[in-house]
Each structure stands twice: as C-alpha cells, then as structure tokens.
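The lines below spell out each chain.
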Amino acid sequence: MIPAGFEYHRPGDIASAIGILEEHGDEARVIAGGHSLIPMMKLRMAEMGHLVDLQAIEELKGIEVGSDTVTLGAMVTQHELITHDGLAAAIPLIREAALQIADPQVRYVGTVGGNVANGDPGNDMPGLMQCLNATFDLSGPDGNRSVAAREFYEAAYFTAREDEEILTRISIPVPGAGVGQAYEKQKRKIGDYATAAAAVMVGNGTASVAMTNLADTPVWSESASAALADGDVNGCVAAMLDAIEPVADNRGPVEFKKHVAGVMLRRAIDRAQNRAG
Amino acid sequence: MNDQTLTPEERAANLKGMGSSRKRVEDVRFTQGKGNYVDDIKLDGMLFGDFVRSPYAHARVVSVNKEAALALPGVIAVLTAEDLSPLGLHWMPTLAGDKQMVLADGKVLFQGQEVAFVVAEDRYIAADAAELVEVEYEELPVLTDPFEALKSDVVLREDLEGQTEGAHGPRKHHNHIFTWEQGDKDATEAILAEADVVAEEMVYYHRTHPCPLETCGSVASMDKVTGKLTLYGTFQAPHAIRTVVSLISGIAEHNIRVISPDIGGGFGNKVGAYAGYVCSVVASIVTGKPVKWVEDRMENLMSTAFARDYWMQGKIAATKDGKITGLWCHTTADHGGFDACADPTKFPAGFMNICTGSYDIPTAYLAVDGVYTNKAPGGVAYRCSFRVTEAAYFIERMIEVLAIKLNMDAAELRRINFIKADQFPYQSALGWEYDSGDYHTAWDKALKAVDYEGLRAEQAQRVEEFKAGKTRKLLGIGLTHFTEIVGAGPVKNCDILGLGMFDSCEIRIHPTGSAIARLGTISQGQGHATTFAQIIASEIGLPADDITLEEGDTDTAPYGLGTYGSRSTPVAGAATAMAARKIRAKAQMIAAYLLEVHDDDVEWDVDRFAVKGAPERFKTMKEIAFAAYNQAIPGLEPGLEAVSYYDPPNMTYPFGAYICVMEIDVDTGEWDVRKFYALDDCGTRINPMIIDGQVHGGVTEALAIAMGQEIAYDEMGNVKTGTLMDFFLPTAWETPNYITDYTVTPSPHHPIGAKGVGESPNVGGVPCFSNAVHDAFRPFGLVQSHMPHDHWRIWKIANGLGMHG
Ligand SMILES: Cc1cc2nc3c(=O)[nH]c(=O)nc-3n(C[C@H](O)[C@H](O)[C@H](O)COP(=O)(O)OP(=O)(O)OC[C@H]3O[C@@H](n4cnc5c(N)ncnc54)[C@H](O)[C@@H]3O)c2cc1C
C-alpha cells in the first residue's frame with residue numbers, strides 16, 4: 001500500500017493542466033478527489049510519473065441551476081451535491097444517489113467529475129448521468145467538445161475521453177415537473193459499491209432507466225425506458241435484465257445479481273411512480 | 001484524609017474502586033491522537049523493511065535475484081532464507097510445536113508468504129525495491145480444502161516427509177498434523193445407537209481474521225556497544241516474545257528488552273511470532289541500525305494469523321422429551337501451511353472440549369484432526385479463549401438442530417438441559433470443572449426482558465402474513481446461552497512453549513500515598529490502566545486516580561504470559577489483588593505500631609486501619625505509606641511494596657444469555673437487527689462501563705463474523721477478501737443498538753470473584769446472530785446453512801426454499 005514515486009503538479013487553469021498532460025503523455029494523469037485514483041496507486045495498479053492536481057482550478061468548480069439545465073463543475077464534490085438545496089429542488093435524484101455513495105469522509109473530497117470520468121463500472125454517477133441524459137464537456141489540446149453520457153462509456157476504465165482531455169463540466173437537462181425520480185441501491189455495507197443499483201425517472205409519458213455495476217459499463221436501456229414510458233413495468237424489467245451482464249464476485253454469483261437487479265429496479269420504479277405528478 | 005465526617009460509603013466512592021464506572025484513563029491520550037503505537041516510534045538512523053511476498057499459494061522458489069533491488073539507491077540489504085540460515089533463523093518454532101519458515105526456504109505454502117526482506121533508508125524506497133526483486137517460481141498443485149488435502153498425494157510439508165510422529169502424536173497422512181481426542185468414544189457411540197432421537201449436522205465455522213485496526217509491526221534496535229537488543233512490537237505477550245527471541249537468536253535474555261507500546265487492538269492476531277519481527281531483529285543486527293517493519297492492511301489480512309476454519313461434524317442424542325444424553329463431534333481443522341495456532345501446549349485444539357456448553361450432557365466425545373493446506377497459518381483465538389467460540393457455535397447450533405428434530409421450542413430445550421445452580425462445581429463429560437454458574441436465572445431474566453413469548457407470537461403472525469403474500473420480510477429470533485472457559489491457566493496443565501501460564505503484578509506504594517503497579521499483561525484497548533487500579537484501590541484504600549499502571553516493558557514489568565483468552569482479569573487481576581493484600585498485611589503492622597496496639601487489634605475500614613471498637617483511632621493508608629518510609633519500625637523493613645505471581649487453581653467460566661431479533665428480506669438477502677439483548681455474567685464486576693464497552697465491541701465483531709466477514713480463497717489459493725472493501729468491518733451504520741444486562745455469580749476460586757468478559761460477547765454473539773438467521777427460515781424448513789450470512793448466502797437459503805417463485 002505504498003505508491004511508487006511521482007511528480008506533483010498543481011496548475012491554476014485548464015489550459016496549463018492540458019499543457020502538462022500534453023508534455024508528459026501517458027506518464028501523466030489528473031487527480032481530482034483522489035478517492036479512486038489513490039487506492040489504485042497504493043495497490044500499484046496505477047503508476048504514473050506525473051500527477052496533475054485539479055484542486056486549484058476555479059473554472060472546474062461550482063453548481064449552476066438554470067430553469068432548463070443544471071451544470072456541475074467537474075470538481076464539485078459529492079458532499080456539495082448533497083448540500084446544495086437548489087440542486088436538490090431541481091433534480092432530487094442527484095442528492096438521493098449521492099447519499100448512497102461511499103461514506104461522508106469520501107464524499108467530502110470525491111468529485112462528480114472524478115466519479116464519472118473514472119470509468120469504473122462500480123461508480124454510481126455514470127448510470128445516474130445516463131438516466132438523466134447528461135452531457136460531458138471535455139477540453140483538450142484540440143479544443144472543446146461534448147459527449148453524451150449515454151455515449152461515453154466503452155468498457156471498464158475505457159471512455160470516450162482522450163488521455164489529454166479534461167472533463168470540465170456536466171450539463172443535465174432539468175426533468176419536467178411531474179417526473180418522478182428514484183435511486184435504489186443494494187450494497188453490503190456503507191462504503192461498498194453496488195451489488196445492483198437502479199436510477200429511474202418516470203412521468204409525463206416519458207421514462208429513463210439505467211443500472212450500475214451489472215456490466216463493464218453502466219447500462220441505460222432504450223427499450224426498458226420505452227416500456228416504462230408506456231407503463232409496462234414487467235416489460236421494462238425484462239428488457240433491462242436482458243441488457244445487463246453481471247459477473248460473479250464476492251457480492252455473489254450472476255444468478256443472484258440478476259435477481260437483485262430486478263428487485264432494485266422494481267423498487268426504484270415503484271418509488272419513482274409514486275413521486276410522479 | 002483524617003476526616004471523620006465522611007461515611008464509609010462516601011470514602012469508598014472517593015476511591016473509585018471496584019464497581020465504579022470510572023472513566024478510562026487511557027482515553028485522554030487516545031482521543032487526542034497522543035497514543036504511542038509501534039509506527040509512532042522513530043529512532044535515529046532508523047531503516048525500513050518490506051517484504052517480497054509470494055503471489056502463489058504453492059510453488060517452488062527456483063531463484064531469487066536481488067541485483068536490481070540492491071542497485072536502487074538507498075537500499076541497504078535484501079535478505080533471503082539463504083542469508084538467515086547460517087544464523088539458524090530461516091525457520092522459527094511456532095507456538096503449536098510446529099516450525100514455520102521465516103523466509104521461503106525452497107518453496108512457498110500460501111499466497112502472501114514472505115520470500116525476501118528488503119531493508120532501505122526509507123519506507124518508499126523499501127517498497128520500490130521489493131518490486132525489483134526478481135523471484136522465479138515453479139507452480140505446484142494447490143490444496144485449499146482440508147478434506148481433499150487428507151486424500152491428496154501432493155505433499156505440502158516436504159520438510160516433515162517421513163515424520164509419522166508430530167508434536168501431538170501420530171500423523172495419519174503427510175498433510176495431517178494431529179488427532180486430539182477427548183471424552184469417551186465407545187460410551188458416546190453406544191448412546192447414539194440407542195437414543196430416541198439423534199440429530200446430525202455439519203457445522204462449519206468459516207475462516208476469518210481478527211483484523212485489528214493497527215496492523216502488526218516491530219522496531220528492532222541492536223546496540224552494538226552494549227550488546228543490548230531493544231525490540232518494540234505489537235506483542236500481546238511481550239515476555240514470552242523476549243524468551244522466544246532469546247532462545248532462537250542466542251542473545252542472552254537479560255540483553256533483550258521487549259516493549260509493547262500502545263497496541264491498537266489485538267484480538268489474538270498479535271499473540272504469535274511473525275517473520276517481520278525476526279527479520280527486523282536480524283536486519284538490525286546485520287546493519288547495526290534500528291529497523292522498522294510495519295505491515296499494511298492487505299499483508300495483515302493475507303499473511304498474519306487467521307481464526308476459526310473448523311468443520312465440525314456433530315451428533316447429539318436425546319430422549320423424546322428433550323433430555324440430552326450424548327454429544328459427539330468430529331472436527332476437521334484447517335491450519336494452513338504451518339501449525340501456528342496459539343494454544344496452550346497440551347491443547348492442540350484449544351479448549352474446544354468446552355463444546356458441551358451450558359448443558360448437563362452426561363456423555364460426550366470430541367476428536368479434532370488438524371490438517372495442512374495452502375492457506376495462511378494461524379488459528380488464533382479471535383476475541384475468544386482458545387477455540388471457545390468454535391465450541392460455542394457448535395453446541396448452540398446443535399441445540400437448534402435438535403430442537404427442530406424434536407419439534408420443540410429452542411428456549412425450552414435449553415432450559416431443560418442447563419446445568420443446575422446446585423450442580424456447581426460441575427464436572428463436564430469432556431474434562432472441565434465449571435467453577436460457578438446460575439444459568440436458569442440468567443435465561444429466565446433474558447427471556448422476560450425481550451418478551452420472548454410475545455416475539456414468538458409476532459413471528460407466527462409474520463409467517464402467516466408471508467404465506468398470504470402480505471410481506472416479504474421474515475422475523476428471526478436468535479437464542480444463545482454460552483459458557484466460556486477463560487483465564488488460562490493453571491500451570492499444572494497450561495503452558496505456552498514450556499512457560500507456565502501464571503501472571504503477575506508488582507505494586508509499589510510511594511511515600512505520599514500514591515502508587516505504581518506493573519503487570520505481566522498488556523492492554524490492547526481493554527482498559528487495564530483503569531480497571532486494575534480499581535482493584536488496588538478497593539484492596540488497599542488509595543484512590544484509583546493516584547495509581548499509575550504500567551505494562552509492556554519487560555525490563556520493568558514482572559514476568560507474565562500476556563493478554564489474550566480473557567486471562568488478564570482472571571490471572572493478572574488475581575495477582576493484583578494478591579499483591580495488594582500483601583501490602584495491606586504489612587500496612588496493618590505499621591498501623592498497629594503507630595496506634596500502639598497489637599496487630600490483631602486493628603481492623604480494615606475502606607481506606608484505613610482503625611482500632612477495634614474505637615473507630616476514631618485510625619491511620620489512613622496514606623499515613624501508613626508515609627510511615628513506611630520515615631519511621632524505623634522494629635521488626636519491619638522500610639518501604640511498602642509487594643509482588644505476586646498468581647497460578648490460578650482453575651479456569652473461570654463466564655456465561656451469558658443473548659437474544660437477537662432480526663428482520664430478513666427474502667428477495668435481497670438483506671438483514672436488519674431490530675434488537676440485541678446481551679446478558680453477561682462475568683462474576684464480580686470491576687467497572688460496569690468498561691464491561692458495557694467490551695460487550696458492545698465484542699458483539700460488533702460477532703456481527704461482522706456471522707454476517708459477512710471471511711477470509712475466502714479461490715481454488716488457486718488466491719485470497720479473495722484481502723481489503724476492507726470485501727472483508728467486512730462494520731461501521732457505526734451497520735452496528736445495531738445493544739441492550740446490556742447482567743447477573744453476578746462470582747468465581748469461588750478467584751480472589752475478587754471476577755471471571756473476565758472481553759471475549760464473551762464474541763463467543764455468545766456469533767451463534768446468536770447465526771441462530772437468528774436460521775430461526776427466520778425454520779418455519780419454512782431450513783435446518784443448517786453455513787456462515788457468513790451475507791446477502792447472497794441468505795438469498796440462496798430463500799431461493800433453495802422456493803421463496804422466489
Ligand atoms: C471507501 C470508498 C468507497 C467508495 N464507494 C463508492 C460508491 O459507493 N459509489 C461510487 O460511485 N463511488 C465510490 N467510491 C469512489 C469515490 O466516489 C471517488 O471519489 C470517485 O470514484 C472518484 O472521484 P475522485 O474525485 O476521488 O477522483 P480521482 O480518484 O481523483 O480520479 C479518478 C479517475 O478519474 C480521472 N479524473 C478525475 N477527474 C477528472 C477530470 N476532471 N477529467 C478527466 N479525468 C478525471 C482521474 O485521472 C482518475 O483516473 C468510493 C471510494 C472509496 C475510497
């Protein structure tokens with residue numbers, strides 16, 4: 001649990017951070033809250049010569065709640081997501097999900113950007129962002145671009161982000177009034193990743209359903225969402241169970257995970273429907 | 001102090017002696033981050049060690065290439081078995097009569113085994129260098145199942161090849177360690193053959209780990225000028241470590257000073273000797289500099305002493321109305337690659353023969369077979385006396401299984417089989433003499449406290465609701481009545497490495513009436529500095545706040561066997577009372593001299609000796625202390641101090657009644673403890689607040705073990721639960737609220753009647769949680785399902801019972 005040596009950089013703006021990434025190529029990695037990266041470094045599963053700390057970059061901070069869109073700076077902590085009342089009023093699902101991540105100590109430093117950029121199928125925010133149909137803004141040597149959360153995840157730890165790009169902001173459309181939302185997660189204990197988790201939005205004839213830690217990427221299912229929009233809960237669950245591909249681990253075998261996935265999804269749907277206008 | 005206005009009760013209260021919930025004196029430093037743990041020790045020029053460990057569970061070590069590591073700036077040395085063998089230190093004796101490799105000698109037997117020890121100028125360089133050591137392995141077939149191991153042609157311990165005699169008798173197979181038999185086999189089998197009812201079950205108590213918050217570590221400092229070795233370490237038995245280090249290193253014992261500083265939890269994990277300790281000593285001797293070794297969490301979980309891993313096949317016989325007539329148990333004990341159990345020498349399966357529990361079982365038989373596998377060595381008593389929690393789990397499951405077979409209420413089955421209060425001292429069929437107990441009183445109190453009948457009615461209603469599709473949650477009522485055997489132990493049958501398991505206390509009274517006491521034990525969170533001062537306060541009438549307590553430095557503390565197996569209060573606590581009584585005896589003579597009366601004409605009164613019949617004529621202990629140092633008293637030596645080495649005449653037998661109410665979600669396997677009631681009888685209660693704290697901590701560890709904590713291996717012998725993400729340590733969130741209660745049945749042979757309590761909650765807690773899970777499914781036909789009861793295993797029970805449609 002002793003990491004290998006590295007150079008530490010603390011740039012003050014996005015451009016300089018990208019400059020350092022460009023200069024060192026694969027050798028460099030950005031660090032946000034460090035609560036996924038540092039454990040990997042201590043296990044020596046991630047080794048890099050240069051660590052680029054994003055803490056001092058003001059442009060990456062802040063939560064803006066507009067009438068149609070919410071934007072989150074990449075460096076917004078999970079704790080801030082929980083304590084921001086305007087955000088909770090606009091998209092209650094975010095607070096509900098963030099409260100189910102890790103523990104308060106992790107959430108004080110862990111960031112939303114790190115959580116979605118990490119690419120670990122265990123992270124809760126990616127599925128959540130897919131459910132909410134968020135867009136990720138990336139800045140790199142070649143300029144800025146946006147990628148939909150639903151297009152972002154390729155495989156475990158592989159995303160659409162290029163090595164020299166930084167995720168700067170997350171934009172989320174504010175769901176209309178009358179859309180019920182719920183996040184349901186089964187875990188073994190506080191601080192554990194999901195055995196299965198479901199993010200659900202339903203109402204006004206629309207629905208969106210995504211699940212976490214049941215494949216090597218988060219799973220947003222168009223057909224499950226469509227079925228739910230039509231009020232077909234069984235169809236939604238069946239479509240989702242078809243889409244997930246859980247693997248056995250210490251949480252249990254595939255059969256168990258599939259069963260629990262169905263239970264979590266039904267519970268989330270039930271709660272979201274009750275909350276829908 | 002000469003104040004006569006205070007009543008004896010008020011004076012006693014001022015002492016904060018036995019029975020007072022005195023605040024823990026240790027907590028001032030711990031809560032302010034001012035503790036001094038091994039990793040806080042920093043010595044001039046100190047070097048750091050780190051291990052190269054085997055990624056394989058069974059492999060030959062073909063070669064170790066140190067070159068790249070040695071070339072890294074700041075690396076001082078890389079030690080391998082070859083370097084240790086000229087000193088005879090490449091192997092070390094285990095506490096169980098076996099021997100264990102310090103560094104891989106030609107092969108490795110478990111994943112994480114120590115292969116080379118890197119010494120460098122700082123901790124980071126040591127870790128980098130460990131990565132640079134190139135080890136070539138040749139993989140060998142892996143045995144992780146003890147039953148397979150006993151059949152396999154694969155020889156794990158080639159060093160023992162051809163040895164048919166082990167430390168505990170004949171070996172039946174090359175992977176067999178010992179057979180230990182207790183009780184009457186023929187008589188028990190005859191009873192089983194004729195019994196009205198026999199219940200039979202395999203009860204597995206899975207492998208887990210004590211996982212103290214502070215991992216193991218040491219700092220060795222060899223002073224080449226004085227020839228003196230100082231060894232700081234996470235030692236639950238510092239004196240025993242000193243003797244062992246002397247015996248294996250050849251350094252004279254007076255030249256070794258072992259210091260256990262503050263210890264961040266032990267739970268049995270810090271009883272044994274580890275490769276890291278030996279390597280830090282050798283490295284310090286070789287380099288002439290202090291060398292620190294502190295393992296990380298993963299190293300702690302995968303290589304230091306595990307606990308349990310007992311496969312207990314049981315048969316229990318009874319009459320049709322539920323009177324138990326016989327108990328039979330055959331245990332297959334998975335010891336891993338080396339037999340490094342920490343048990344008294346004559347007890348290779350510890351006190352597993354307490355497995356008749358709280359019940360009057362006239363005939364019983366126990367056999368234990370120890371087996372080598374490709375897993376880490378250990379088998380320590382994780383918050384229990386030696387194998388007592390295995391025994392308690394076994395009997396408390398067998399009682400439940402029998403209750404099912406008899407279609408009887410498990411509380412009632414227990415009640416009709418308890419040893420009765422008038423049967424104590426009670427001779428058990430497996431050889432123990434239980435000192436005292438009153439199980440019926442405790443049981444009735446517990447059942448009443450939780451409204452047992454009401455709970456059963458609620459459970460019956462819940463079953464109906466479940467069957468009617470109105471709920472998906474079941475209600476389980478977990479019952480346990482446990483009896484422990486702690487306080488090892490009488491020197492006549494208890495020793496570790498030939499060292500008798502007495503313990504000691506030395507007390508010095510200072511002229512101004514304060515005192516220092518030193519013991520052969522070592523606190524790891526139990527609060528010795530608080531409670532032992534209370535014993536002295538009550539015995540000699542000086543305030544506990546004026547008594548310093550010191551443990552853990554072998555240069556100053558009297559010899560003792562350390563702290564584990566709930567032995568501190570039963571043994572060192574007894575020594576403390578006895579030493580205090582010696583002081584009081586001398587104080588009586590001094591008081592009589594000062595009061596100008598005969599010794600027999602004064603009597604003890606809380607904090608003073610008073611002339612019989614004239615209570616206004618007295619000398620307080622404080623006055624007596626001063627006199628001891630400033631008066632020439634004819635026939636008496638100056639000073640006021642005493643030492644006592646206490647060889648306990650018997651073990652003590654704490655007991656308790658625990659009840660757990662648990663809700664279980666059959667769809668997810670999630671559980672929720674709605675109520676946990678713990679009644680403990682630990683004899684005389686020294687500090688009720690500390691007892692509560694011990695019970696809270698112990699039940700929490702029991703919750704962890706029963707509900708998820710395990711060291712699991714895959715078929716390649718890889719540890720699957722090597723971090724706290726997968727190894728379950730409950731946080732405040734998972735920890736339920738506990739209701740504590742007590743009865744008091746003093747030990748008749750202990751000077752203050754105390755029995756020990758630190759481990760009771762783990763011993764009683766594990767079966768209680770497990771029984772709650774089983775009980776929830778009993779109405780649907782479940783008989784036995786193995787721990788840990790994590791979500792998926794509970795789900796599997798429900799699934800197997802057809803509850804998922
Ligand atoms: C005990 C524990 C329990 C946890 N439980 C959960 C849980 O239940 N659910 C959950 O979702 N998470 C959990 N986590 C993870 C936690 O939420 C992390 O904080 C989060 O995954 C990563 O955020 P971070 O800010 O710490 O990122 P870091 O660890 O700093 O970075 C993670 C990765 O993302 C990259 N990265 C970070 N920021 C950016 C950026 N702006 N642009 C490009 N790349 C970037 C880094 O280079 C790195 O590869 C847990 C962590 C711990 C230690």
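Here the structure is shown first, and the text comes after it.
Procedures and definitions
- Residues numbered from 1 in each chain as written.
- Chains lettered and ligands numbered in written order.
- Predicted model: local features only at pLDDT ≥ 70, side-chain atom pairs only at ≥ 80, totals over all residues.
- Heavy atoms only, no water.
- Helix = DSSP H or I, 4+ residues; strand = E, 2+ residues; numbered from the N terminus.
- Rg over C-alpha atoms; globule rule 2.2 N^0.38 Å.
- Buried < 20%, exposed > 50% of the residue type's maximum accessible area, 1.4 Å probe, protein only.
- Patch = residues over 30% accessible without salt bridge, like charges linked within 9 Å, V, L, I, M, F, W, Y side chains within 5 Å.
- Areas by Shrake-Rupley, 256 points an atom, 1.4 Å probe, with all protein chains shown as cover.
- Salt bridge = Lys/Arg side-chain N within 4 Å of Asp/Glu carboxyl O.
- Lys, Arg positive; Asp, Glu negative; His and termini not counted.
- Charge placed at Lys NZ, Arg CZ, Asp CG, Glu CD.
- Near = heavy atom within 4 Å.
- Polar contact = N/O pair within 3.5 Å; in protein donor to acceptor, adjacent residues only side chain to side chain.
- Nonpolar A, V, L, I, M, F, W, Y, C, P; charged D, E, K, R; others polar.
- Contact = heavy atoms within 4.5 Å.
- Buried area = accessible area lost by both parts, 1.4 Å probe.
- Phe/Tyr/Trp six-rings, centres within 6.5 Å; stacked < 30°, edge-to-face > 60°.
- Axes fitted to C-alpha atoms, helices over the stretch in contact; angles between N-to-C directions.
- Parallel < 35°, antiparallel > 145°, perpendicular 65-115°, else oblique.
- Left-handed = near helix turned anticlockwise from the far one by under 90°.
- Pairing = 2+ DSSP bridges.

Draft legend 1. The arrangement of the overall build of chain B in detail. In terms of helices and strands, chain B carries 20 helices and 35 strands. The C-alpha radius of gyration of chain B comes to 28 Å, within 12% of the 28 Å expected for a compact globule of 805 residues. Principal-axis analysis of the C-alpha atoms places the extent of chain B at approximately 85 × 75 × 50 Å. Burial statistics for chain B: of 805 residues in total, 64% are counted as buried.

Draft legend 2. Examining a negative patch on the surface more closely. A cluster of acidic residues, E22(A), D26(A), E27(A), D142(A), E154(A), E162(A) and D163(A), forms a negative patch on the protein surface. Note that D26(A) resides in the loop between α1 (14-24) and β2 (28-31).

Draft legend 3. Region of the structure containing the site of the ligand. Residues and elements named next belong to chain A. Near the ligand, the surroundings consist of 30 residues, among which V30, G33, G34, S36 and T111 are the closest. A distance of 3.0 Å separates an oxygen atom of the ligand from a polar side-chain atom of N115. Calculation on the ligand without its partners gives an accessible area of 960 Å², and the protein chains cover 94% of this total. Within the residue set of the shell around the ligand, elements represented by two or more residues are β2, α7 (112-117) and β10 (166-173). Here the shell around the ligand is composed, by residue class, of 13 nonpolar, 12 polar and 5 charged.

Draft legend 4. Broad picture of the interface of chain B and chain A. Each partner contributes to the interface: chain B provides 28 residues, whereas chain A provides 26 residues. With both sides pooled, the region where chain B packs onto chain A buries about 2,200 Å², and carbon together with sulfur makes up 57% of that total. Interface area lost by chain B to chain A is led by M725(B), W792(B) and W795(B), which between them contribute 26%. One can count 4 salt bridges joining chain B with chain A. With its nearest N and O atoms 2.7 Å apart, the salt bridge here joins R44(A) to D128(B). Counting every contact that joins chain B to chain A gives 15 residue pairs in polar contact (both at pLDDT 80 or more). Of all the secondary structure elements, the ones that give two or more residues to the side of chain B that touches chain A are α5 (123-132) and α20 (791-800) of chain B. Partitioning the side of chain B that touches chain A into residue classes produces 11 nonpolar, 6 polar and 11 charged.

Draft legend 5. Representation of the packing of aromatic side chains in the model. All names here are of chain B. Under the defined criterion, the tally for this structure stands at 36 aromatic pairs over all chains. Ring geometry for F351 versus W432: centroids 5.2 Å apart, planes at 70°, classification edge-to-face. Of the two residues, F351 is situated in the loop between β18 (324-336) and β19 (363-372) and W432 in the loop between β21 (426-427) and β22 (433-434); the sequence distance between them amounts to 81 residues. Residue F351 shares its accessibility class with W432, and that shared class is buried.

Draft legend 6. Region of interest: the packing of helix α12 (residues 410-417) of chain B against helix α13 (residues 439-449) of chain B. All names here are of chain B. Where α12 contacts α13, the axes come no closer than 10 Å and their chain directions differ by 160°. Relative to α13, the element α12 lies roughly antiparallel. Crossing geometry of α12 relative to α13 is assigned as left-handed. Residues A411, R414 and R415 of α12 pack against H440, W443, D444 and L447 of α13. Classifying every residue of the contact of α12 with α13 gives 3 nonpolar, 1 polar and 3 charged.

Draft legend 7. Representation of the pairing of strand β26 (residues 503-509) of chain B. All names here are of chain B. With 6 of 7 residues buried, β26 is to be regarded as a mostly interior element. Taken together, the 5 bridges between β26 and strand β27 (residues 515-519) define a ladder with antiparallel strand orientation. Within β27, the residue paired with C505 across the bridge is L519. The hairpin formed by β26 and β27 contains 5 residues between the paired strands, and G513 there has a positive phi angle of roughly 90°.

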